[in-house]
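# Understanding the architecture of this molecule
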Amino acid sequence: QVQLVESGGGVVQPGGSLKLSCVASNIHSSTFDWGWYRLPPGGQRELVATITSGGVTNVAGSVKGRFMISRDDANHTTYLQMNNLEPEDTAVYYCNAHRIIGAYNFWGQGTQVTVSA
């Protein structure tokens, strides 16, 4: 019954931007850490960015300075702002809600991001 619904993906030109959203339902989202992962074509899943329940953020070196993660607990939502997109950013992006206490680990369905000229 816990659901994470992602949106905001699409096709964008190199140098463009997109903002992904992930909305949680039936979860006390303010107590969870949020993460964004991506799966590129022919590649393996990699961590993109995280934000803790306390608001501490980390981003992968490959996207540092271009991507920003944020959260809006009042609306049970996490965002991934992606700027200066590159073809190498093409992937299916997944949001994740995680809490060590209780061993919770929930995933969204994924949203496709394609960066192409």
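Look a little higher up for the structure.
Before going into details, it helps to say that this report is about the structure given with it. (Residues numbered from 1 in each chain as written. Predicted model: local features only at pLDDT ≥ 70, side-chain atom pairs only at ≥ 80, totals over all residues. Heavy atoms only, no water.)

Our next topic: the state of the cysteines. A complete count under the given rule lists 1 disulfide for this structure. Disulfide pairing places C22 opposite C95 at an S-S distance of 1.9 Å. Taking the sign of the S-S torsion, about 40 degrees here, the bridge from C22 to C95 comes out right-handed. In this pair, C22 sits in strand β3 (residues 18-25) while C95 sits in strand β9 (residues 91-99), placing the two residues 73 residues apart along the sequence. The burial state of C22 is the same as that of C95; both residues are buried. (Disulfide = S-S within 2.5 Å. Helix = DSSP H or I, 4+ residues; strand = E, 2+ residues; numbered from the N terminus. Buried < 20%, exposed > 50% of the residue type's maximum accessible area, 1.4 Å probe, protein only.)

Alternating positions in strand β11 (residues 111-115) separate cleanly, T111, V113 and V115 being buried on one face and Q112 and T114 remaining unburied on the opposite face. As judged from the 3 bridges shared by strand β2 (residues 10-12) and β11, these two strands associate in the parallel manner. When the bridges of β11 are listed, V11 appears paired with T114. By the bridge criterion, 3 bridges tie β9 to β11 in an arrangement that is antiparallel. By the bridge assignment for β11, Y93 is matched with T111. (Pairing = 2+ DSSP bridges.)

A word on the sheet that holds strand β1 (residues 3-7). If you walk across this open sheet you meet the 4 strands as β1-β3-β8-β7, and the pairing is antiparallel. A single partner strand is all that each edge strand has here, and the edge strands are β1 and β7 (67-72). Taking the axes of each pair of neighbouring strands and ignoring which way they run, one obtains an average angle of 15 degrees across the sheet. Looking at chain direction, β1 and β3 are connected through 5 bridges and run antiparallel. Looking at the pairing, E6 lines up with C22 of β3. (Axes fitted to C-alpha atoms, helices over the stretch in contact; angles between N-to-C directions.)

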